[in-house]
Amino acid sequence: MSILFHVSFVGLLAMFIQATFVPSIPRIAKDLDLRDAVVSLAFSISIFANAIGVLIWSAYSSFYGCRAIYLWGMPFICIGSCGVALSASLQSLLFWRFMQMFGCAGALSLGLGVIGHIYKLEERGTAIGTFFSSILIGETVAPFLGGAATQYWSWRNLHYSIAAWGSLEMLFIYLSFPETSHPGTLGIDKLPSRGSVHIARINPLSSLGLLRSPNIFVVMFVSTIVTNTNYVLLVPLAYTIGVRYGITNEATIGALFLPNGFGSFTGALIAGRLSDAVARRWREKRGGAWCPEDRLRAAWIGGLIIPWSIGASGLITTYIGGPIGLALNILCLYVNGVAVDLVLGPLTVYNVDINHARSAEATAACMASRSLLTSAATAIIVPSIERMGVAWTDIIAAVLAVIGQCIVFFTIRHGDRMRAIIDVGFSTMENN
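Residues numbered from 1 in each chain as written. Predicted model: local features only at pLDDT ≥ 70, side-chain atom pairs only at ≥ 80, totals over all residues. Heavy atoms only, no water.

**With respect to the packing of aromatic side chains**
Rule in force here: Here a pair means two rings of Phe, Tyr or Trp (six-membered ring of Trp) with centres within 6.5 Å. Their orientation is stacked below 30 degrees between planes, edge-to-face above 60, and tilted elsewhere. The buried label applies to any residue whose accessible area, calculated with a 1.4 Å probe on protein chains only, is under 20% of its type's maximum; exposed applies above 50%, and partly exposed to all values in between. Put simply, DSSP marks the helices as runs of H or I at least four residues long and the strands as runs of E at least two long, and each gets a number from the N terminus on. Charges are assigned to positions over rings by a cutoff of 6 Å between ring centre and Lys NZ or Arg CZ, combined with an angular limit of 35 degrees from the ring normal.
Evaluation of the coordinates by the stated rule reveals 11 aromatic pairs. Plain terms: the ring middles of Phe131 and Phe132 are 5.6 Å apart, the flat faces sit at 50° to each other, and that makes the pair tilted. For the pair Phe131 and Phe132, one class covers both residues: buried. Centre to centre, the rings of Phe217 and Phe221 are 6.1 Å apart; their planes meet at 10°, and the pair counts as stacked. Placement of the pair is Phe217 and Phe221 together in helix α10 (residues 214-234), with a separation of four residues, close to one helical turn. In this structure Phe217 comes out as partly exposed when scored by relative accessible area, which is 38%. Among the aromatic residues, those joined into a cluster by ring pairs are Phe5, Phe9, Phe16 and Trp165. Cation over ring: Arg244 sits above Tyr245, and NZ or CZ is 5.7 Å from the ring centre.

Rendered as structure tokens:
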């Protein structure tokens, strides 16, 4: 449990760094004399940085181990956070925000890799659910804290505080976090002689080769679609729900992120245990035979809810004003948060199950590709709302979510044949 606590706390820091930024965009724009839409590019840049960073950190973790990579990433967080706090122009803000997010990019993939190392197959879902629910505390409270800090303190001081948090976390990892990779499995363990310093040349894009598998590509594509439903609701929140219901206070806008965060926290707790229970029940039905796609059956509930919650939010924002409209939107934010994690949980554990030996790299390949697609998608959310309106933008996201759920159903039915098309070294029951 102490190891799970460590990786969860690092993930909490990473989520906090990402989620505190959005509520402060209007104030940053005002301080730097920029348009809000221009400053929102920093959010897209941070997603792009996450895509690049997760590939590099996961590739090197297979050679040096997770503990070393955790320690290497923390200085980027600390220096980048100080740089963001000192930014006086858009160019410096984008550069330091990139470095800050690059440093914390490996938190999720490394955490899932560590969990894959130390937990059994039928306990993995619950452990990953606990991991996600812990870090989603950051997603729950960070927007509110970010908005409150911006309103009553300073967005610059907020990032100085993040730098101090990263420094303490680096100290804790150095003093008490062990290496979890099995002896002899790391690249550095296979060197004939180990000097005091060894810098390996590793292709960080190699893990993207795993996406040749239709199964892993499905995990990436569907997780991108469902994650974007959250972004469609949250990224423009100050300009949709905020404007529609006359909310201008940054702290209050930050508080509007809380329902979605609490929903994600709830969904993560349920999803992990539910996916383990579904996997065990179907394995019993098959007489002990293991079919990894059985775990995906736990995703259908969330997959059916997502289109309704995001579509309803768009229509409510457009046609229902006053306290009733605001209350219904808050309900939609909560429900969408629950539903998204009910889908992401089984997908994530399924990816670890079928790629146990390379779980960090498989997770990184999906996260990097998802981040690149999400980076492009988030850049067009506000322009789409300006051009088509909130309702049509949300309805398009709902239709894409329906398509994603159909793909999951297809994978459940034909997953074994899909794995046979391109075998990237999938795990079996014996080595899982």
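The structure having been displayed, the exposition proceeds.
**Observations concerning the pattern of salt bridges**
Opposite charge on two side chains lets them pair, provided their charged atoms get close. Put simply, the rule is: Every case where a carboxyl oxygen of Asp or Glu lies within 4 Å of a side-chain nitrogen of Lys or Arg is listed as a salt bridge.
For the coordinates displayed, the defined rule picks out five salt bridges. Residue Arg286 pairs with Asp294 through a salt bridge whose shortest N-O separation is 2.7 Å. Owing to a relative accessible area of 36%, Arg286 belongs among the partly exposed residues under this scheme. Among the ionic pairs, Asp353 bridges to Arg295, the shortest N-O distance being 2.7 Å. Of the two residues, Asp353 sits in helix α15 (residues 322-354) while Arg295 sits in the loop between α13 (258-285) and α14 (300-319), which places them 58 residues apart along the sequence. Side by side, Asp353 and Arg295 carry an identical accessibility label, which is buried.

**Describing the nonpolar core**
This is how the line gets drawn: Nine residue types can take part in a nonpolar core, namely buried Ala, Val, Leu, Ile, Met, Phe, Trp, Tyr and Cys, and a core is a set of them joined through side-chain atoms within 4.5 Å. Here, two residues are considered to be in contact whenever any of their heavy atoms come within 4.5 Å of each other.
Formed by 53 residues in total, the largest nonpolar core has its most connected members in Tyr70, Phe131 and Phe132. Other than its neighbours up to four places away in sequence, Phe131 contacts Leu4, Val7, Ser8, Ala107, Leu108, Gly111, Leu112 and Ile115. In this structure, Val219, Ile225, Val340 and Val424 belong to the second largest nonpolar core, which totals 27 residues.

**Side note on empty space enclosed by the protein**
Operational definition: Here a cavity means grid points, on a 1 Å grid over the protein atoms only, where a 1.4 Å probe fits yet cannot get out; a pocket means an open set of points with protein on both sides within 12 Å along at least five of seven lines; lining residues are those with an atom within 4 Å of a point. Grid points are joined across faces, edges and corners, and a volume is the space filled by probe spheres set on the points. Residues are grouped as follows: nonpolar covers Ala, Val, Leu, Ile, Met, Phe, Trp, Tyr, Cys and Pro; charged covers Asp, Glu, Lys and Arg; every other residue, Gly included, is treated as polar.
Applying the stated rule across the entire model yields six cavities of 30 Å³ or more. Roughly 880 Å³ of internal volume is contained in the largest cavity. Lining the largest cavity are 50 residues, with Met15, Leu108, Thr227, Tyr231 and Arg370 positioned closest to its centre. Looking at the lining of the largest cavity residue by residue, the classes come out as 29 nonpolar, 18 polar and three charged. Considering only enclosed or pocket space, the second largest cavity measures out at about 100 Å³ in volume. Val10, Tyr70, Gly103, Cys104 and Ala107 are, among the 14 residues lining the second largest cavity, the residues nearest its centre. Of all the elements in the fold, those that place two or more residues in the lining of the second largest cavity are α1 (2-19), α5 (66-86), α6 (90-104) and α7 (107-118). At five residues, α5 tops the list of elements feeding residues into the lining of the second largest cavity.

**Concerning α7**
Put simply, the rule reads: Each helix should span, by expectation, one fewer than its residue count multiplied by 1.5 Å.
The terminal C-alpha atoms of α7, which comprises 12 residues, lie 17 Å apart, in line with the 16 Å expected from a rise of 1.5 Å per residue. Burial runs high along α7: 10 of the 12 residues are buried. Among all positions in α7, only Ala107, Leu108, Ser109, Leu110, Gly111, Leu112, Gly113, Val114, Ile115 and Gly116 are buried.

**Considerations on a nonpolar patch on the surface**
Heads up, the condition is: Surface patches are drawn from residues lacking salt bridges whose relative accessible area is over 30%; two like charges belong together within 9 Å, two nonpolar side chains (Val, Leu, Ile, Met, Phe, Trp, Tyr) within 5 Å. Every accessible area reported is derived by Shrake-Rupley at a probe size of 1.4 Å, with residue values counting cover from the shown protein chains alone.
On the surface, Leu315, Tyr319, Ile320, Ile324, Leu328 and Leu331 cluster together to form a nonpolar patch covering roughly 590 Å² of accessible area. Only α14 and α15 provide two or more residues apiece to the nonpolar patch. If one sorts the elements of the nonpolar patch by residue count, α15 sits on top with three residues. Along the chain, Leu315 falls in helix α14. Accessibility expressed as a relative area gives 40% for Leu315, which makes it partly exposed.

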